[in-house]
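Now for the letters of each chain:
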Amino acid sequence: MDFITSFDISASGLSAQRKKMDVIVSNLANASTIQTPEGGPYKRKVVVLAAEPVNSKFGSALNDALSQVKVQEIFEDGEGLKKVHDPTHPNADDQGFVTYPNVNVMTEMADMITVNRAYEACVTALDVTKNMALKALDIGK
Amino acid sequence: MDKVTTQKTVSNPSPQTIKPVGKDSGKPQGAFGDMLKQAVTEINQLQNNADKAITGVQLGQSGSIHEAMIALEKADISFRAMMQVRNKILDAYQEIMRMQV
Amino acid sequence: MKALFGKTIDILSDLVGARAQRHEVLASNVSNIDTPGYEPKDVDFQNLLGSMQGKGIRMARTDGKHFPASTPGGNLEIVKTGDRVDMDREMVTIAENHLMHNSAIEMLARKLRGLQTVLKETR
């Protein structure tokens, strides 16, 4: 069915954006976490999205051109950890440095707004699809 | 469109359609009955198409909602058109029956 | 009266019932979004539609343990769809189900209206 395909695509977008939101929130919450189960400070996580062909029962040339989005991986960004000299800190290393996460709150906030907008766009697309299908039901009324 | 032509043939019947049916001539070519039968067959076909479109959409096989709705409307409208033609014919027939001779 | 109402009307009315039941299942998923240990469920619609495609209206009993479908949509199979409820997916499925329910009702109404025209237009 045609509109079900676009529903699926919108749904994949919604899921992906929400996953992204989860990761951003986790980054923000751990913006100054210096202890993790793996050891060392928290490292900023980045969601990598990837396009995935729509698996439709009716293989057509049009459907080959359509793609859903999926979360390919959650990449751990180990670059740019901040070292602060604080010898009294219990987590300080031999030289008296404490390593803080590489989370930039400004970047995360900006990403959050982008995610919010993308999510809204997906919802709008979904609504439009639904309205189109409902309008099709009014043909001949 | 077919229906329009139908109506035209009915309102201006060509000479051969009103040729009297004699014992030897048999059924005249393009008789009104045949035409009506053809129209009914066509409308039935449209109904079948609409049914096919509906099951296609609802059982998730193929087709889209608008195609099914349009097929439904086609079937409905063509039926109504045929009914109008039939009503006109009946009126004409009754008119003739009332005629003083 | 079987001759008057064709196969399509039967199919449509069965589907409207099945869609309504599916909505109940989906609604229960949404209301249990925070229930610990709740596993989202769905009606196996693909299976249902497949069984309806073959021989029209009545659903086949694919297993001797199934109850016979005395009422339309009586043997809708409920399947588990995941480990936890995904709000987006549920809402999208609900929207899709709602739309298909509406379309089935609309098409049913048009079919019945067509029959009414047939009956009214005779004189």
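Residues numbered from 1 in each chain as written. Chains lettered and ligands numbered in written order. Predicted model: local features only at pLDDT ≥ 70, side-chain atom pairs only at ≥ 80, totals over all residues.

## Brief notes about the environment of M82(B)
All names here are of chain B. With respect to the secondary-structure elements, M82 resides in helix α3 (residues 65-98). Using a count of 19 C-beta atoms within 10 Å as the deciding quantity, one classes M82 as partly exposed. C-alpha separation for the pair M82 and L36, spaced 46 residues apart in sequence, amounts to 8.5 Å. (Helix = DSSP H or I, 4+ residues; strand = E, 2+ residues; numbered from the N terminus. Buried ≥ 20, exposed ≤ 12 C-beta atoms within 10 Å, placed from the backbone.)

## A short note on the confidence of the model for chain A
The share of residues in chain A with pLDDT of 70 or more is 93%, and the mean pLDDT across the chain is 90. Ranking the elements of chain A by mean pLDDT puts helix α2 (residues 61-65) of chain A last, at 68, and helix α3 (residues 105-137) of chain A first, at 94. (pLDDT = per-residue confidence, 0-100.)

## Considering the packing of α3(A) against α3(B)
Two elements in contact, α3(A) and α3(B), have axes whose closest approach is 8 Å; the angle formed by their N-to-C orientations is 10 degrees. Judged by the angle between their axes, α3(A) and α3(B) are roughly parallel. Contacts between α3(A) and α3(B) involve A133(A), A136(A) and L137(A) on the former and, on the latter, I65(B), H66(B) and M69(B). Classifying every residue of the contact of α3(A) with α3(B) gives five nonpolar, one polar and no charged. (Axes fitted to C-alpha atoms, helices over the stretch in contact; angles between N-to-C directions. Parallel < 35°, antiparallel > 145°, perpendicular 65-115°, else oblique. Contact = placed C-beta atoms within 7 Å. Nonpolar A, V, L, I, M, F, W, Y, C, P; charged D, E, K, R; others polar.)

## Quick word on the interface of chain B and chain C
On the side of chain C, 16 residues touch chain B, which itself brings 16 residues to the contact. Among the secondary structure elements, those contributing two or more residues to the side of chain B that touches chain C are α2 (32-58) and α3 of chain B. Ranked by the residues each element gives to the side of chain B that touches chain C, the list is headed by α3(B), at eight residues.

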